[in-house]
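Letter by letter, the chains look like this.
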Amino acid sequence: SYSRIHNPYDFLVKRMKKILPMYFFALGFYFFNRSDILFREVIGNVFSYAYVGGFEHNFSWYISFLWITYILVPFIYGYINATTKHIQKYIFLGLLAIFIAISFIGNSSLIIAFSRIPIFVIGMCVGDYFSIHEKVKIRNVFALGFVSIIGFSVLIKLLHIYPDLAWEYGIYWLPYIMITPG
């Protein structure tokens, strides 16, 4: 949706109008069932930074991280549109996102969020690719399907070999990098 707006402020306001009403509704139920929540935790949850702030009572890691990704959108989109070498920019952004995610391995509270950055970035790259190439070559469809099958295979293998480590280190999500384009 950022490709239609091109304005970071308007983009964030539009996202807030979509997300915040239901978030505040659910947050109200969360607060109603808690008698031991501190005022600073209420404020942290209202402004969606309780999880990132490491508060004991935090409603959702996902909403906290969602705002981080939305803030990154204009920068990623700007880079994608400013660079004409499509394959190189996709590889660069994909590797950068993977390295950012890998840097959080061992931090069990943040890896759950940052392991999703590569999927988010690759999704933006795939969207860019298909906006440029309206007609997709059949060989590309088969290649993306093949890569997706490999991603599913790796995910299934991880589930069987490292069930505990895969969750703790966030590597359950890394095969989705390959699954996303398909």
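Positions within a chain are numbered from 1, following the residues in the order the chain's sequence is written. Reporting in this predicted model follows two pLDDT cut-offs: at least 70 for local features of residues, and 80 or more for side-chain atom pairs to be given and counted; totals over whole chains, interfaces and linings ignore these cut-offs and use all residues. For side-chain calculations, the full set of non-hydrogen atoms in the structure is used, while hydrogens and water are omitted.

(A) Fine view of the overall build of the protein chain. Helix numbers and strand numbers start at the N terminus; a helix is a DSSP run of H or I with at least 4 residues, a strand a run of E with at least 2. The helix and strand inventory of the protein chain stands at 10 helices and zero strands. Taken from N to C terminus, the helices and strands of the protein chain fall in the order α-α-α-α-α-α-α-α-α-α. Each of the 182 residues in the protein chain was classed as buried or not, and the buried ones make up 35%. When checking whether two residues touch, look at their non-hydrogen atoms; a contact exists if any pair is within 4.5 Å. Sequence-distant contacts in the protein chain: of pairs separated by 6 or more residues, those separated by 24 or more amount to 53%. Accessible surface computed for the protein chain: about 11300 Å², of which carbon and sulfur atoms make up 69%. Any residue under 20% of the maximum accessible area for its type is buried, any over 50% is exposed, and the rest in between are partly exposed; the area is computed with a 1.4 Å probe on protein chains only. Accessibility throughout is a Shrake-Rupley quantity obtained with a 1.4 Å probe, and a residue counts as covered only by protein chains that appear here.

(B) A look at unusual backbone geometry. Even without a glycine there, the phi angle at histidine 6 is positive, about 60°. Take histidine 6: it is sitting in the loop between α1 (2-5) and α2 (8-32).

(C) Representation of the nonpolar core in the model. For our purposes a nonpolar core is just a set of buried Ala, Val, Leu, Ile, Met, Phe, Trp, Tyr and Cys residues, chained together by side-chain atoms within 4.5 Å. Formed by 30 residues in total, the largest nonpolar core has its most connected members in Ile19, Tyr70 and Val121. Where this core is concerned, the elements lending two or more residues are α2, α4 (61-82), α5 (86-102), α6 (111-114) and α7 (117-132). The element that contributes the greatest number of residues to this core is α4, accounting for nine residues. The residues touching isoleucine 19, leaving out its near neighbours within four places in the chain, are Ile63, Leu66, Trp67 and Tyr70.

(D) Region of interest: the side chain of aspartate 128. Locating aspartate 128 in the fold gives a position in helix α7. Taking the relative accessible area as the measure of exposure, aspartate 128 reaches 9% and is therefore buried. Counting of polar contacts relies on pairs of N or O atoms within 3.5 Å, with two restrictions inside protein: one atom must be capable of donating a hydrogen and the other of accepting it, and residues adjacent in sequence are counted only when both atoms are side-chain atoms. In this structure the side chain of aspartate 128 is engaged in a polar contact, spanning 3.4 Å, whose partner is the side chain of lysine 89. Non-local contacts of aspartate 128, meaning those with residues more than four positions away in its chain, are made with Ile80, Asn81, His86, Lys89 and Tyr90.

(E) Local environment of the packing of aromatic side chains. Stacked, tilted and edge-to-face are the three classes assigned to paired rings of Phe, Tyr and Trp, where Trp is represented by its six-membered ring and a pair needs centres within 6.5 Å; plane angles under 30 degrees give stacked, over 60 edge-to-face, the rest tilted. Applying the stated criterion across every chain, the model contains 13 aromatic pairs. Where phenylalanine 65 meets phenylalanine 114, the ring centres are 5.2 Å apart and the plane angle is 70°; that geometry is what we call edge-to-face. On the criterion of sequence distance, the pair formed by phenylalanine 65 in helix α4 and phenylalanine 114 in helix α6 is long-range, its members being 49 residues apart. Considered together, phenylalanine 65 and phenylalanine 114 belong to a single accessibility category, that of buried residues. Measuring from ring centre to ring centre gives 4.0 Å for phenylalanine 104 and phenylalanine 114, while their planes differ by 10°; the resulting arrangement is stacked. Placement of phenylalanine 104 in the loop between α5 and α6 and of phenylalanine 114 in helix α6 is noted, with a sequence separation of 10 residues between them. For phenylalanine 114, a relative accessible area of 14% puts it in the buried group. A network of ring pairs unites the aromatic residues Tyr2, Phe11, Trp67, Tyr70 and Tyr77 as a single cluster.

(F) Structural context of the layout of surface pockets. Two kinds of site are reported from a 1 Å grid over the protein atoms alone, namely cavities, where a 1.4 Å probe fits but cannot get out, and pockets, open sets with protein on both sides within 12 Å along at least five of seven lines, and residues are called lining when an atom falls within 4 Å of a point. Grid points are joined across faces, edges and corners, and a volume is the space filled by probe spheres set on the points. Approximately 290 Å³ is the volume attributed to the second largest pocket. Along its surface, the second largest pocket is lined by 16 residues, and Ser1, Tyr2, Ser3, Tyr77 and Met124 are the ones closest to its centre. Only α1, α2, α4 and α7 provide two or more residues apiece to the lining of the second largest pocket. Counting residues per element, the lining of the second largest pocket draws most heavily on α7, at six residues. Residue classes in the lining of the second largest pocket are distributed as eight nonpolar, six polar and two charged. Three classes are used, and their members are as follows: Ala, Val, Leu, Ile, Met, Phe, Trp, Tyr, Cys and Pro are nonpolar, Asp, Glu, Lys and Arg are charged, and the others, Gly among them, are polar.

(G) Here's a closer look at a nonpolar patch on the surface. Patch membership requires over 30% relative accessible area and the absence of a salt bridge. Like charges are linked within 9 Å, and nonpolar side chains (Val, Leu, Ile, Met, Phe, Trp, Tyr) within 5 Å. Salt bridges are counted wherever a side-chain nitrogen of Lys or Arg sits within 4 Å of a carboxyl oxygen of Asp or Glu. A cluster of nonpolar side chains, contributed by Ile87, Ile91, Leu95, Phe99, Ile102 and Ile105, occupies part of the molecular surface with about 570 Å² of accessible area. Of note, leucine 95 is situated in helix α5. By relative accessible area, which is 44% here, leucine 95 ends up partly exposed.

(H) Spatial organisation of the packing of α4 against α5. Running from N to C, α4 and α5 cross one another at 155°; their axes reach a closest spacing of 9 Å. In terms of orientation, α4 lies roughly antiparallel with respect to α5. Contact residues: Ile76, Tyr79 and Ile80 in α4; Lys89, Phe92 and Leu93 in α5. Broken down by class, the residue content of the contact of α4 with α5 amounts to five nonpolar, no polar and one charged. Only the contacting stretch of a helix is used when fitting its axis, a line to C-alpha atoms as for every element, and angles between N-to-C directions run 0 to 180 degrees. Any angle from 65 to 115 degrees is called roughly perpendicular, while one under 35 is roughly parallel, one over 145 is roughly antiparallel, and all others are oblique.

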